[in-house]
Structures are given as structure tokens and as C-alpha cells.
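Here are the chains, one letter per residue:
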Amino acid sequence: MSRTPHTAPDGAQISTFTLTFRIVSIAFFTFVCYLAIGLPLAVLPGYVHDQLGYGSVLAGLAISVQYAATLLSRSHAGRMADTVGPKQTVVIGMAACAASGVFLLLAYAFERSAWLSLATIIASRLALGFGESWVGTGSATWAIARVGPLHTARVISWNGICTYGGLALGAPLGVYLEKEWSMGALGGAVLLLGLAGLGLAMSRAAVAIVGGHRMAFKSVVLRVFPHGMALGLGSVGFGTLAAFVALYYASASWDGAAHALSAFGCAFIGVRLLFAGTITRFGGFRVAQVSFLVEAAGLLLLWLAPNPGAALLGAALTGCGFALVFPAIGVEAVARVPAGSRGAALGAYSAFLDLALGITGPIAGYISGGFGYPAIFLAAAMAVLAGFRIAFGLQRHAVREAAAPSRA
């Protein structure tokens, strides 16, 4: 496999190994960022609910507010990656991740004052959300510039592997740090990760800024809107799992909530590694439709799970389904804009994921209050099936567009 030739942006022939190394060396910044995100992910809902004494809605909000910050900063991250450069975008994002760690340390210091501790937790999540958008958008744009737009699907796939690899490793590690030491240890770990990523990004060479026509961001959003809607609906399953799996397990008197997140992440990575090539072979929309159905099946299993083993299997199946949703639809979305607006398109498209994750926590918290925690996974499955319907419609529209010139 390593001898298969690929064309680099400068026209040179490179092996699959070299191509992958170029991508992974930049996607590594995404891994560092999401490792920082994963560390407090399985700890904060229980900490806000049990230690600070707030309800499930605020526990969900403590997670979801991060995605609101990511959503609001996506457009700025995309424009900066296109106009100033992806390296600078990643550097700023890593600095924000480090700031998030500082706020987590303050939350631990203010633990005796519940409202002040919650306020600093929210500030930490806002900083982390800002860092997520800038690192995620910047690293993807940076990698595409290094290997060329023909390999966009590979870049998005590896970026996602690093994303959920960081979450899968970070969740149980965060539980361990908080259990063996304290919430302060989590803050210190996030701070160190942000500083390490910042130093590494500053030491890497920048890439040339892509010239040519750039669309207004509003036009980019309109161009990728249906693709983003499908992504957003498909992301509800992950948002529900991330925000409420700990409380779901606790309500059923089960252990191992962090392992459910790890099962999701490991299944996600496995599917990305083994089946990412199906996007090029069968087309993004077809792959997305199969992915939506598998994800919905996993969520339904979580809804009906009679024991933690079944719930673990449901989480893994959800990860299998969600794995290719982002790159499958993302390749189709990015192809609809000029090269000079690639960063803006990635930012706009990703913003729908942020929006979905931002509203999932409070809505799922409300549903759990009236119908119990299992019901939130049924609701998530229904949202994912709505995403399937949009992907099906987009595929039919693409087929009609492709057939139109031949008829003419």
C-alpha cells in the first residue's frame, strides 16, 4: 500500500505512507485539542450535578455551552484560515485550550462557592469551544494545503480519527485523574496540553495562502446549508451520548460510563480506518445514508438496553454509524465552493455540528426530566433518521444535476 503513487500539490508523486504522514502530522493538533476536550467530558456533568448540586439541565448546559462558543467562532476561524493562514489559526486555538485549563483550575479553587465554580466551568467551556473551532478548522485547511484538494476526504477522515481518538483516550483518563487526585488535576492537564500544542504549532512551517475567488460567508452558508442540516441531525446521537451517558448509567446503577465513550471512540476510529475509502468509491451521500441507519440502530439499542453490556454495544454501534457522516457529506459540501473559500466552507459546514451539539444538551435534559434518561436516545434516533432523509434527497438532487447536461 505504501508504494501506491499519489500526486502532491507540487506535482510530485508520493507514496500512500508519505501522504498519510503529511496529513497525520497536522491532524495531530486536532488530537491534542480533543484530548483536552475529552478529559473533563465524563466528569463535568456529574461534578455539576452531584458536587455543586445543580439539576440535569444545567449539567447538560455545562457540556453544551462549549459547542455554542464553537458555533459562534466558526465563521471567524474559517475566514482567518483562508486569509491569514491555517497555522496562525491553529496557534490561536491552542492558546484558547490552555486558557480553558486555567479556568478549570479556578473552578476547583472556587469549589466551596457553587455559583462561582459553575461560572468558571462555563468560562472554561467557552474558551475550549473557541479553541475547538480554530484548531479543527485550521488543521483541516492546513492539511488540505499540504496534500492537495484531491485528498480532502482523507484529510477529513484523519481529522475525525484524531478527534474521537482524543475523546476516547481523554474520557477515561479524565475520570482517573479526578478520582485519584481532583478536579484541579484535570485543569492542570488541560493547561499543559494547550501549551504543548501551542509550542509545537509555532515550530511548524506555514503554507501558502490560496488565492482566487472567495465567496461571501453568507453565500457559503447557503451553499452548504442542506449538507449541514444532515450533519447536524446525525450529530445528535453523539451529543446525547457525550452529555448524558454518565447520568444514564448512574440512573440505572451501572458502572463504566467512561467505557461507553471509549467504545464509541474506538468503533468510530475503526470504521474511519477501514472504510474511509468507500466515500470515494460509492459517493458521499450513499455512504452517509448507510451510516445514518447504523447510528440510529445503536441509539435504539441504548434506549432499550437491559444491562450495561447492551448499552456498551449500543454506544459502539452509534460510533460505527457516526464515523463517516462528517467526511461523507463534508466532501460533497466542500466541492460546492471555490478553493479560496475552502476554509469558510469547512467552518460553515462544521458549524451545524456545533449547533446540534449546543442544543442537544438542554433539550435532552428536558426530555430526561419528563420521560427518563432512556427516552433521550429514542429521540436522538428519530433525529438521525431525519438526517438520513435529507441525505437521500441530496443524493437524488445530485443525480438529477449530473444527468441534466447529458439531456441538454
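For the structure itself, look to the data block above.
The text that follows walks through the structure, step by step, so that each part is easy to find. As the structure is a prediction and not an experimental result, all values here were calculated from the model. (Residues numbered from 1 in each chain as written. Predicted model: local features only at pLDDT ≥ 70, side-chain atom pairs only at ≥ 80, totals over all residues. Heavy atoms only, no water.)

## Considerations on helix α11 (residues 284–304)
The condition is simple: Secondary structure elements are defined from DSSP: runs of H or I of at least 4 residues count as helices, runs of E of at least 2 residues count as strands, and each element is numbered from the N terminus. Between the first and last residue of a helix there are one fewer steps than residues, each counted as 1.5 Å, and that sum is the expected span. Remark: exposure states derive from per-residue accessible area (1.4 Å probe, protein chains only) relative to the maximum for the residue type, with buried under 20%, exposed over 50%, and partly exposed in between.
With 21 residues, α11 should reach 30 Å at 1.5 Å per residue; the first-to-last C-alpha distance of 31 Å fits that figure. By the burial criterion, the buried members of α11 are G284, F285, V287, A288, Q289, S291, F292, E295, A296, G298, L299 and L302.

## Some thoughts on the side chain of Q289
Which entries qualify depends on this criterion: Contacts are residue-level and defined by heavy atoms, with any inter-residue pair within 4.5 Å sufficient.
Following the sequence through the fold, Q289 ends up in helix α11. With relative accessibility at 10%, the residue Q289 sits in the buried group. Every residue in contact with Q289, bar those within four places of it in the chain, is listed here: F388, A391, F392 and Q395.

## Some remarks on empty space enclosed by the protein
We apply this condition: Definitions used for this entry: grid spacing 1 Å over protein atoms alone; cavity, a set of points where a 1.4 Å probe fits but cannot get out; pocket, an open set with protein on both sides within 12 Å along at least 5 of 7 lines; lining residue, one with an atom within 4 Å of a point. Grid points are joined across faces, edges and corners, and a volume is the space filled by probe spheres set on the points. Residues are grouped as follows: nonpolar covers Ala, Val, Leu, Ile, Met, Phe, Trp, Tyr, Cys and Pro; charged covers Asp, Glu, Lys and Arg; every other residue, Gly included, is treated as polar.
All chains considered together, the criterion is met by three cavities of 30 Å³ or more. Considering only enclosed or pocket space, the largest cavity measures out at about 330 Å³ in volume. What lines the largest cavity is a set of 25 residues, among which Y34, R74, T163, F326 and L353 lie closest to the centre. Of all elements in the fold, only α1 (16–38), α3 (56–83), α5 (114–147), α6 (152–180), α9 (257–275) and α14 (342–371) reach the threshold of two or more residues within the lining of the largest cavity. Looking at the lining of the largest cavity element by element, the count peaks at six residues for α6. Looking at the lining of the largest cavity residue by residue, the class counts come to 15 nonpolar, seven polar and three charged.

## Looking at the nonpolar core
What counts is decided by this rule: The set of buried Ala, Val, Leu, Ile, Met, Phe, Trp, Tyr and Cys residues whose side-chain atoms join them within 4.5 Å is what this entry labels a nonpolar core. Each domain's limits were defined by an automated method or a database of domain assignments.
Counting residues in each nonpolar core, the largest one holds 113 residues, and the members touching the most others are F238 and Y248. When residues of this core are assigned to their parent elements, the largest contribution, 14 residues, is made by helix α8 (residues 217–251). Counting contributing residues per domain, this core is built from domain 1 (10–206) and domain 2 (216–407), each supplying no fewer than three. Residues contacting Y248, with those up to four places away along its chain left out, are W254, L302, A305, A311, Y373, P374 and F377.

## Structural notes on the layout of surface pockets
Considered as a void within the structure, the largest pocket measures approximately 640 Å³ in volume. Around the largest pocket, the lining comprises 28 residues; the ones closest to its centre are H151, A153, R154, A276 and T280. Looking at the lining of the largest pocket, the elements that each hand over two or more residues are α1, α6, α9, α10 (278–282) and α13 (325–334). Sorting elements by how many residues they give to the lining of the largest pocket places α6 first, with six residues. Looking at which domains feed residues into the lining of the largest pocket, each of domain 1 (10–206) and domain 2 (216–407) supplies at least three. The calculated volume of the second largest pocket comes to roughly 550 Å³. As for the second largest pocket, its lining consists of 20 residues, of which A42, V175, A246, A257 and A258 are closest to the centre. For the lining of the second largest pocket, the per-class residue count stands at twelve nonpolar, four polar and four charged. Residue-level mapping places the lining of the second largest pocket at the junction of two domains, with at least three residues from each of domain 1 (10–206) and domain 2 (216–407).

## A closer look at the packing of α8 against helix α12 (residues 308–322)
We count it as follows: Geometry is summarised by axes, namely lines fitted to C-alpha atoms with helices restricted to the contacting stretch, and by angles between N-to-C directions that run from 0 to 180 degrees. Put simply, angles under 35 degrees are roughly parallel, angles over 145 are roughly antiparallel, angles from 65 to 115 are roughly perpendicular, and the rest are oblique. Left-handed describes a crossing whose near helix is turned anticlockwise from the far helix through less than a right angle; right-handed describes the clockwise counterpart.
For the pair α8 and α12, the least separation of the axes is 10 Å and the interaxial angle reads 155°. Taken together, the axes of α8 and α12 are roughly antiparallel relative to one another. Note that α8 runs across α12; the crossing there is left-handed. Counted together, G234, S235, F238, L241, Y248 and Y249 of α8 and P308, A311, L312, A315 and F322 of α12 form the full contact between these two elements. Across the contact of α8 with α12, the residue classes tally to nine nonpolar, two polar and no charged.

## Here we look at unusual backbone geometry
In the Ramachandran plot, S253 falls in the positive-phi region, its phi being about 60° despite a non-glycine side chain. With respect to the helices and strands, the residue S253 is situated in the loop between α8 and α9. Since its relative accessible area comes to 68%, S253 is described here as exposed.

## A few points about α3
This is how the line gets drawn: To get the bend at a given residue, fit one axis to the seven residues ending there, fit another to the seven starting there, and take the angle between those axes.
Its 28 residues give α3 an end-to-end C-alpha distance of 42 Å, which sits within 8% of 40 Å, the value for a rise of 1.5 Å per residue. Along α3, the largest kink reaches about 45° and is centred on S73. Note on α3: the residue one or two positions beyond its end, G85, has a positive phi of about 135°.

## Observations regarding the environment of L39
Inspection of the secondary structure puts L39 in the loop between α1 and α2 (44–51). In this structure the C-alpha to C-alpha distance between L39 and I367, which are 328 residues apart in sequence, comes to 26 Å. In contact with L39, not counting residues within four places along its chain, are G170, L173, G174, V175, L177, L186, A189, V190 and L193.

## A short note on the packing of aromatic side chains
We apply this condition: Any pair of Phe, Tyr and Trp rings, taking the six-membered ring for Trp, is counted once the centres come within 6.5 Å. Such a pair is stacked with planes under 30 degrees apart, edge-to-face with planes over 60 apart, and tilted for the rest.
Evaluated as defined, the whole model comprises 16 aromatic pairs. Measuring from centroid to centroid gives 5.5 Å for F225 and F352, while their planes differ by 75°, and the two rings are edge-to-face. Of this pair, F225 sits in helix α8 while F352 is found in helix α14, placing the two residues 127 residues apart along the sequence. Taken together, a centroid distance of 6.3 Å and an interplanar angle of 25° make the contact between F264 and F268 stacked. Of the two residues, F264 and F268 are both situated in helix α9; the distance of four residues between them amounts to about one turn of the helix.

Distances and angles like these do not, on their own, reveal function.
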